[in-house]
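Chain by chain, the residues:
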Amino acid sequence: MKNKLIYIIPFLISCSANVEEHFILPYGYNGEVTVIFDEPCGIKVEKNANNIREYNIPQSGILITNVPHQCNTNKRIYYYKKANGELVKIKQMTEIEEKRKWDEENPNILDPERQELGVYMLSRGYKGDNGINSQSAFILNYNQLQDSLSDASYSVRRNNTIVSELKDCRSK
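Residues numbered from 1 in each chain as written. Predicted model: local features only at pLDDT ≥ 70, side-chain atom pairs only at ≥ 80, totals over all residues. Heavy atoms only, no water.

Colleague: Honestly, the pairing of strand E2 (residues 31-37) in this entry has me stumped. Any pointers?
Modeller: Moving residue by residue along a regular strand, the side chains alternate between the two faces of the sheet. With respect to burial, E2 is a largely interior element, 7 of its 7 residues being buried. Pairing between E2 and strand E4 (residues 62-64): 3 bridges, direction parallel. Across the sheet, residue Ile-36 finds its bridge partner in E4, namely Ile-64. (Buried < 20%, exposed > 50% of the residue type's maximum accessible area, 1.4 Å probe, protein only. Helix = DSSP H or I, 4+ residues; strand = E, 2+ residues; numbered from the N terminus. Pairing = 2+ DSSP bridges.)

Structure representation (structure tokens):
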């Protein structure tokens with residue numbers, strides 16, 4: 001039992017930080033948002049006075065940062081930033097999608113909220129086969145999300161873009 005604790009304690013310590021995270025997107029951004037963590041070449045993102053970490057997402061939707069992934073974060077909020085600096089909260093749609101059963105065999109395709117832009121498929125973060133520690137979400141309406149997910153070449157194109165930006169970052 002003692003040996004098992006040696007492995008569990010570092011994991012618990014590394015996942016114990018509970019920092020609220022805000023993702024600030026260019027106003028009108030539409031698409032996938034990916035944040036890559038633990039990259040020495042990435043930008044440093046500090047917590048503000050309210051213990052909130054703000055990630056300013058570029059137009060590409062890909063942010064590379066040197067901060068460790070906050071695996072225990074349970075409060076992630078997405079915002080658009082208007083030209084005047086005002087932040088506009090983007091609606092979290094995953095719970096609405098599940099509640100309304102849009103993925104069922106006979107969903108209500110006329111539900112007006114299916115056309116609303118929102119945050120879908122918010123991942124908690126993962127370290128992929130490529131060794132990249134990241135998390136992602138989609139800022140789309142429901143029909144756009146389904147189109148993206150059914151496009152077989154989408155994930156290949158997105159992964160190529162991520163790998164290219166990461167290569168650029170690491171070469172600096």
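Colleague: How should the sheet that holds strand E6 (residues 87-89) be read in this particular structure?
Modeller: As a general point, the strands of a sheet are linked pairwise by backbone hydrogen bonds and lie either parallel or antiparallel. Ordered in space as E3-E1-E5-E6, the 4 strands form an open sheet in which the pairing is mixed. If you trace the sheet from one side to the other, it starts and ends with strand E3 (52-56) and E6, each paired once. With direction set aside, neighbouring strand axes in the sheet form an average angle of 30 degrees. Bridge count for strand E1 (residues 20-26) against E3 is 5 bridges, and the pairing is parallel. Bridge pairing in E3 links Glu-20 to Ile-52. (Axes fitted to C-alpha atoms, helices over the stretch in contact; angles between N-to-C directions.)

Colleague: Help me understand helix H3 (residues 142-150), please; the structure alone is not making it clear to me.
Modeller: Note that an α-helix has 3.6 residues per turn; residues three or four places apart therefore point the same way. The complete set of buried residues in H3 reads Tyr-142, Leu-145 and Ser-148. Seen from one end, H3 has its buried residues packed into an arc of 120 degrees, which puts them on one side. The exposed set on the far side of H3, more than 90 degrees from its buried face, consists of Asp-147 and Ser-150. Measuring from the backbone nitrogen of Asn-143 back to the side-chain oxygen at the start of H3 gives 3.0 Å, which picks out Asn-141 as the cap. (Arc of directions from axis to C-beta. Polar contact = N/O pair within 3.5 Å; in protein donor to acceptor, adjacent residues only side chain to side chain.)

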